[in-house]
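Structural features, examined
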Amino acid sequence: MARLAAAVCLSCASAMVYHNPTAVQSRRTGTSFLPDSTLERAEAGNKIEQGKLKKDPTNAWTDLYDFAAKIRAGTLDYSEIEDFDINSRLKWTGILSRFRRTPGRFMMRLRIPNGIVKADTLRLFADTIEPYGDELGVMDITTRQNIQLRGLTLEDGADLTKALHADHNMTSFQSALDNARNVVGSPLAGLDDLELVDTRPIANAINDLISLDKETGERGNPQWGNLPRKFNIAISGGRDDFAHTYINDIGLDPVPHQDGRIGFNVVVGGYMSIKRVAESVPLGLWVPADPYSVTALCEAILRIFRDEGNRKDRQKARLMWLVEDMGVEEYSKAIKAEVESYGRGVVLEEAQPHETGAFERRELLGVHAQADEGLRRVGVHVPAGRLSVEEARHVADLADRYSEGEVRLTVEQNFILPNVPADSIDALLQEPALTMGRLAVDPGNVKGPMVSCTGAQFCPLAIIETKTVAERVMAKVDALVEAPKPVRVHWTGCPNSCGQVQAADIGLMGAPAKRKNDEGKMKAVAGANIFLGGTIGEGGHLALDPHMKNVPIDDEDEIAGVIAGLMKENFGAVDRVEVPKEV
Ligand code: SRM
Ligand code: SF4
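Turning next to the sheet that holds strand β15 (residues 386-387). The antiparallel open sheet is built from five strands, whose spatial order is β1-β2-β5-β4-β15. Strands at the two margins of the open sheet, each flanked by one partner only, are β1 (95-97) and β15. The pairing of strand β4 (residues 139-141) with strand β5 (residues 147-152) spans three bridges and is antiparallel. For I141, the partnering residue across the bridge sits in β5 and is I147.

Here helix α1 (residues 36-43) has its buried residues at T38, L39 and A42. Each buried residue of α1 lies within a common arc of 100° when the element is viewed along its axis, so the set occupies one face. Turning to α1, the residues buried within the fold contact α2 (47-54) and α9 (291-308).

With 14 residues, helix α7 (residues 154-167) extends 20 Å from end C-alpha to end C-alpha; this agrees with the ideal 20 Å at 1.5 Å per step. Buried residues belonging to α7 abut α3 (60-73), β1, β2 (106-109), α5 (119-129) and β5.

Taken together, C453, T454, C459, L461, A462, T492, G493, C494, N496, S497 and C498 are the residues near ligand 2. Residue composition of the shell around ligand 2, grouped by class: six nonpolar, five polar and no charged.

The local shell around ligand 1 holds 31 residues, among which R150, K230, R318, T454 and C498 are the closest. Here an oxygen atom of ligand 1 sits 2.9 Å away from a polar atom, N or O, in the side chain of R144. Between ligand 1 and N146 there is a distance of 2.9 Å, counted from an oxygen atom to a side-chain nitrogen or oxygen. Within the shell around ligand 1, the residues separate by chemical class into nine nonpolar, twelve polar and ten charged.

Once that is clear, we can look at the sheet that holds strand β16 (residues 406-409). Taken in spatial order, the five strands of this open sheet run β3-β16-β17-β14-β13, and their pairing is antiparallel. Looking along the sheet, the strands with just one partner apiece sit at the ends: β3 (116-118) and β13 (366-369). Between one strand axis and the next, the sheet turns by 30° as a mean value, whatever way the strands run. Of the pairings in the sheet, the one linking β16 to strand β17 (residues 415-421) comprises two bridges and is antiparallel in character. Its bridge partner being in β17, L409 is matched across the sheet by F415. Against the sheet, α5 contacts β3 and β16, and its axis sits at roughly 75° relative to β3.

In this structure the iron atom of ligand 1 is ligated by exactly one protein donor, C498 (SG), at 2.3 Å. With respect to the element layout, C498 can be found in the loop between β20 (489-492) and β21 (506-516).

Rules of the game
- Residues numbered from 1 in each chain as written.
- Chains lettered and ligands numbered in written order.
- Predicted model: local features only at pLDDT ≥ 70, side-chain atom pairs only at ≥ 80, totals over all residues.
- Heavy atoms only, no water.
- Pairing = 2+ DSSP bridges.
- Helix = DSSP H or I, 4+ residues; strand = E, 2+ residues; numbered from the N terminus.
- Buried < 20%, exposed > 50% of the residue type's maximum accessible area, 1.4 Å probe, protein only.
- Arc of directions from axis to C-beta.
- Contact = heavy atoms within 4.5 Å.
- Expected span 1.5 Å × (residues − 1).
- Near = heavy atom within 4 Å.
- Nonpolar A, V, L, I, M, F, W, Y, C, P; charged D, E, K, R; others polar.
- Polar contact = N/O pair within 3.5 Å; in protein donor to acceptor, adjacent residues only side chain to side chain.
- Axes fitted to C-alpha atoms, helices over the stretch in contact; angles between N-to-C directions.
- Donors = N, O, S within 2.8 Å, 3.2 Å for Na, K, Ca; no water.

Here's what the structure looks like:
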């Protein structure tokens, strides 16, 4: 195979001719960056690898507009678009078909580096999805501090990408399938008196490394457009590890150098999947905490992953497998040498010792002091991360009124309003948007820490419905018990663990279950495996094996009782004396 694979327009099958008037010049494809040995392995690789070689997914960045124009002109309909395009290639644009659950509808996954989004962008999202109605047109905050829009048509998705690129310095490109995902940073960046590193410029620089084509200045970077698998990067700003470095392919853990400079110890390979769940391993390296050095490190890790990662077995293609194949020590040497080979003056040093003094992880929900005495950060609970159009507009309005239009998303699927003047707090807490509906500043220790993946309403891989069930069940649990500290209950619809159940205090993962029906026969019902005792923050650990298996969850009162029981046995919860009004 030629090293520079030809880009082919899907609609007319002619090389390098795009119908999109905005594509002014031909661009390199993802495949064109692969060395011959990698191409050979990809050719003999799994179906996705072969599909990527046949039709380069990075060309979907312009095919999207071509499809949209043809659909609008009535010369193409969804059924005529090839399966690989609909189900795989379009994922490079961040637009994912949800046909299995919602025929004719797509989901759009954004990239929101460090989870920081502006009020006007939220309004654009709300305006885009409003026409799809209350059920389909919703917005989800994800477990990567990101946003997904639902109910879209392909055509509207294409329009939105143009608007995002032109006016919002934002893209959905390269947010799904074999791409590096949204870069997670500290939600308290720049606000916090205990901060070691402001993660914002670093998250933005990594986002640009991944998703900005330096040759053309366009969004979508083909250099990282043919990875063997998904790739996650997280940067922590302090000892709280709000970014969960230990479950990311690259985790940047802030530690001051003995000589006083600030930087990160590098951990790699953390991930969750059906086949295996692994905590990161330390690389023994330290990188200075500036965008220039950190992007060199990420580039080296991505380059070696792209060219050497497993192209045969997708269950063994995440970074951890490559690190283990090479051996941590050899892998670490290779990364250091690669960074030095760039000749940019970046040198990776030996990992630095962690501070060991007592440290209590801070809370994100509720009203908290900031480094600046006159300002407060206010964390708001969004049940299961789901926002209706109306709620999204409320969030934008609150941000405009109290936090200079800025909203910070968290991996717990909530948001923070930063820099709220202390003397505005009373007014903010009385806002109807925070007192009359689902959004709450003080949701309590039972409902508040809940996280839920997408589940069967939209996700084709789900075994159970999650978000709506989780919200109802956790309200019931809240009516049964109160807990002295937040108890993190996570729900995930299948073993892919997008809802990170192994990191939860109590985690429910969709699984088969049975119970006797009225005739005394066993019948299949919605169920879950329940994990217990995952920890987060400094020294966080995953609960690798389920504590209970195949527990029926179809009876919501019953499963609420099971969760309340686990809270009492393990997290100091006690029976509620007074039942909250809303249940
Ligand atoms: Fe995930 C696949 C949703 C975070 C592990 N994930 C999917 C897909 C794309 C499946 C599909 O094809 O439809 C889901 C889309 C459903 C939908 O309509 O929303 C999906 N994942 C999500 C989100 C939306 C869950 C949420 O409700 O927040 C999260 C989006 C994050 C983002 O903004 O990019 C999400 N997924 C995660 C995480 C958590 C994290 O990143 O910290 C994990 C575990 C960590 C990891 O990746 O190591 C995760 N998702 C997976 C996997 C298993 C990966 C593997 O190596 O096998 C899959 C399946 C796959 O890739 O083959 C998957
Ligand atoms: Fe879908 Fe499973 Fe991920 Fe939930 S955990 S979003 S059900 S893939």
